[in-house]
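In case you want the letters, here they are:
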Amino acid sequence: MKRLYPLTAPFLSRITGTDGILSRDVLQPEETQDVCPPYISQRSRERISGCHHWSSIPAELAELDARQVTHAPVIRYHHGPGIVGPDGFATAKKRQKLGSSFVRNSLLQPTTHAPKTAYINNLSTHLYFGHWLKDGVSQTYLAEDESYYLSNQANWGHCQEYRAALGLRSRDDQYIQTDEIVTYSDFAQGSLKRTRYATMKAQLANSLPAAGQTYEKVFLWRGGEGESRNFRDADHVRDHLERDGWTMLDVTSPLADLYRVLSGAKIVAAMEGSHLNHIFFCASEGTTQVVLVPHDRFNTIALGLARAVGNTCGFCVLAGDQQEGYAFEFDAFAQAVEETQAQTP
């Protein structure tokens, strides 16, 4: 019967007018935290012309100026029996599809049974490595008795390395008929999340090789990885940074190499993107972070994460466009590094 839920759930939810949630538990109530605004020059602020479609420029500017932030509560939802897979889950009255093949696979793929499954997958962890690491992996600590279910894209090379270092099993890709599905709302950076981040960082420190030296300035080089956010005349930018004393660290390096360098860094800079999460979890507390952000896709996502792990964050906004690349202004970048380092975390 559970195999049919992906087909029947949308109809039953409309007929009954229910969200399919049987009960919910608040694991951490809403919290308010005093914060210090990050460094960003007036020129960078004036250059901002666009942001992600789910936000707005006024909202992003408000994040930059805030001296107090509110963290949403962490909530656990109970959905009852159903079926789960790497591309979605369904109960009698709720369906969450992460891929177009979920219904077909739920009907045709072999299944196993479990008494309870904490389904960690959601659209963000399914699409973005950064959300997989900061939200997905951290949610496994909320699950009981190894009941978590967490997939990842097969071509995300660092996922298995993080799983091994953190003692997690390989990616979940089977279909399970389960007696109880649990999900979480857990996207903020409140105290419960920060405690889990600290645990993750401690486990990585125990599993990966420590830095054998101090790196004064490290640039985490994104290159052509992920969605294009390249620098204009990238070879010149890289050569210039190396002449200025920056240690260049390719994001495609094995996790052990990323950890070895980032854990010994005093200052780390990078173009915005999911690869910044390597800094949050591999660099030591108190690291200075400077995030380069294109003017037409400005966001402050890195700010909350940097604060959550005890780092100081600053921003430098770049002119240019996605097609021709974004212009690297070395004087403005140097000022952002200097002013961010002088900030109090």
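Definitions and limits used
Residues numbered from 1 in each chain as written. Predicted model: local features only at pLDDT ≥ 70, side-chain atom pairs only at ≥ 80, totals over all residues. Heavy atoms only, no water. Axes fitted to C-alpha atoms, helices over the stretch in contact; angles between N-to-C directions. Helix = DSSP H or I, 4+ residues; strand = E, 2+ residues; numbered from the N terminus. Parallel < 35°, antiparallel > 145°, perpendicular 65-115°, else oblique. Contact = heavy atoms within 4.5 Å. Nonpolar A, V, L, I, M, F, W, Y, C, P; charged D, E, K, R; others polar. Core = buried A, V, L, I, M, F, W, Y, C linked by side-chain atoms within 4.5 Å. Buried < 20%, exposed > 50% of the residue type's maximum accessible area, 1.4 Å probe, protein only. Phe/Tyr/Trp six-rings, centres within 6.5 Å; stacked < 30°, edge-to-face > 60°. Lys NZ or Arg CZ within 6 Å of the ring centre and 35° of its normal. Pairing = 2+ DSSP bridges. Arc of directions from axis to C-beta. Polar contact = N/O pair within 3.5 Å; in protein donor to acceptor, adjacent residues only side chain to side chain. Disulfide = S-S within 2.5 Å. Salt bridge = Lys/Arg side-chain N within 4 Å of Asp/Glu carboxyl O.

Colleague: Explain the packing of helix 7 (residues 158-166) against helix 8 (residues 191-207) to me, and be specific about the residues and the numbers.
Modeller: The N-to-C vectors of helix 7 and helix 8 enclose an angle of 90°; their axes lie 8 Å apart at closest approach. Judged by the inter-axis angle, helix 7 sits roughly perpendicular to helix 8. Across the interface between the two elements, Tyr-162, Ala-165 and Leu-166 from helix 7 touch Met-200, Gln-203, Leu-204 and Ser-207 from helix 8. Partitioning the contact of helix 7 with helix 8 into residue classes produces 5 nonpolar, 2 polar and no charged.

Colleague: Quick rundown of the nonpolar core? Include the residues and the values.
Modeller: Among the nonpolar cores identified, the biggest contains 57 residues, and Trp-132 and Phe-315 are the most heavily contacted of them. Among all residues touching Phe-315, those that are not within four sequence positions of it are Pro-38, Tyr-39, Ile-40, Leu-64, Val-291, Val-293, Phe-298, Asn-299, Thr-300, Leu-303 and Ala-336. Of all hydrophobic cores here, the second largest spans 21 residues; its members include Phe-231, Leu-318, Phe-328 and Ala-336.

Colleague: Now, about the packing of aromatic side chains: what can you tell me, with residues and values included?
Modeller: Scanning the model with the defined rule gives 17 aromatic pairs in all. Here Trp-246 and Phe-333 contribute two aromatic rings whose centre-to-centre distance is 5.2 Å and whose plane-to-plane angle is 40°, an arrangement assigned as tilted. With a gap of 87 residues between them, Trp-246 in the loop between helix 9 (234-243) and strand 12 (247-250) and Phe-333 in helix 13 (residues 330-342) connect regions that are remote in the sequence. Ring pairing ties together the aromatic residues Phe-219, Trp-221, Phe-231, Trp-246, Phe-328, Phe-330 and Phe-333, which thus form one cluster. Directly above the aromatic system of Tyr-148 lies the positively charged group of Arg-169, at a separation of 4.0 Å from the ring centroid.

Colleague: Before we move on, can you summarise the sheet that holds strand 12 with the specific residues and values?
Modeller: An order of 12-11-13-14-15 is seen for the 5 strands of this open sheet, with the pairing classed as parallel. Strands at the two margins of the open sheet, each flanked by one partner only, are strand 12 and strand 15 (312-318). Looking at each pair of strands side by side, their axes are set apart by 20° on average, direction ignored. Sheet analysis places strand 11 (residues 215-221) next to strand 12, joined by 4 bridges and oriented parallel. Looking across to strand 12, one finds that Val-218 is bridged to Thr-247.

Colleague: Go over helix 9, please, and point to the residues and values.
Modeller: Three or more residues of helix 9 are buried, namely Val-237, Arg-238, His-240 and Leu-241. The buried residues of helix 9 occupy an angular sector of 165° when the element is viewed end-on, so they sit on one face. Along helix 9, the residues that are exposed and aim more than 90 degrees away from the buried face are Asp-235 and Arg-243. In the core, the buried residues of helix 9 are packed alongside strand 11, strand 12 and helix 13. Gly-245 occupies a position one or two residues after helix 9 and carries a positive phi of about 95°.

Colleague: Tell me about the side chain of Gln-28, residues and numbers included.
Modeller: By the element assignment, Gln-28 lies in strand 1 (residues 23-28). Looking at Gln-28, its side chain comes within polar contact range of the main-chain nitrogen of Leu-192, at 2.9 Å. Apart from residues lying up to four places away in sequence, Gln-28 is in contact with Ala-72, Pro-73, Val-74, Gly-190, Ser-191, Leu-192 and Lys-193.

Colleague: Provide a residue-level description of the state of the cysteines, including the pertinent values.
Modeller: As enumerated under the stated definition, the model contains 0 disulfides in all. Distance from the sulfur of Cys-159, which forms no disulfide, to the nearest cysteine sulfur (Cys-282) is 13 Å. Accessibility expressed as a relative area gives 0% for Cys-159, which makes it buried. Summary of cysteine pairing: Cys-313 is not part of a disulfide, and the nearest cysteine sulfur, belonging to Cys-316, is at 12 Å. Accessibility expressed as a relative area gives 5% for Cys-313, which makes it buried.

Colleague: Before we move on, can you summarise the environment of Ala-164 with the specific residues and values?
Modeller: One can find Ala-164 in helix 7. Owing to a relative accessible area of 55%, Ala-164 belongs among the exposed residues under this scheme. Sequence separation between Ala-164 and Ser-207 is 43 residues; the distance between their C-alpha atoms is 8.7 Å.

Colleague: Describe the environment of Arg-229, listing the residues and the values that go with them.
Modeller: Looking at the secondary structure, you find Arg-229 in the loop between strand 11 and helix 9. Arg-229 sits 95 residues away from Glu-324 along the chain, and the two C-alpha atoms are 9.8 Å apart. Once residues lying within four places of it in the same chain are set aside, the contact partners of Arg-229 are Arg-222, Met-271, Glu-272, Gly-273, Ser-274, Pro-294, Arg-297 and Tyr-326.

Colleague: An account of the pattern of salt bridges is needed here, citing residue identities and associated values.
Modeller: Here the structure, examined in full by the defined rule, presents 15 salt bridges. Residue Lys-2 is joined to Asp-179 by a salt bridge in which the shortest nitrogen-to-oxygen separation is 3.9 Å. One end of the pair, Lys-2, is in the segment before helix 1 (5-16); the other, Asp-179, is in strand 10 (residues 175-185), and 177 residues separate them in sequence. A relative accessible area of 19% places Lys-2 in the buried class. Close ionic contact of Lys-134 with Asp-135 constitutes a salt bridge, the shortest N to O distance being 3.0 Å. Of the two residues, Lys-134 and Asp-135, neither departs from the other in class, the shared state being buried. When salt bridges that share partners are traced, they join Arg-43, Arg-47 and Glu-329 into one network.

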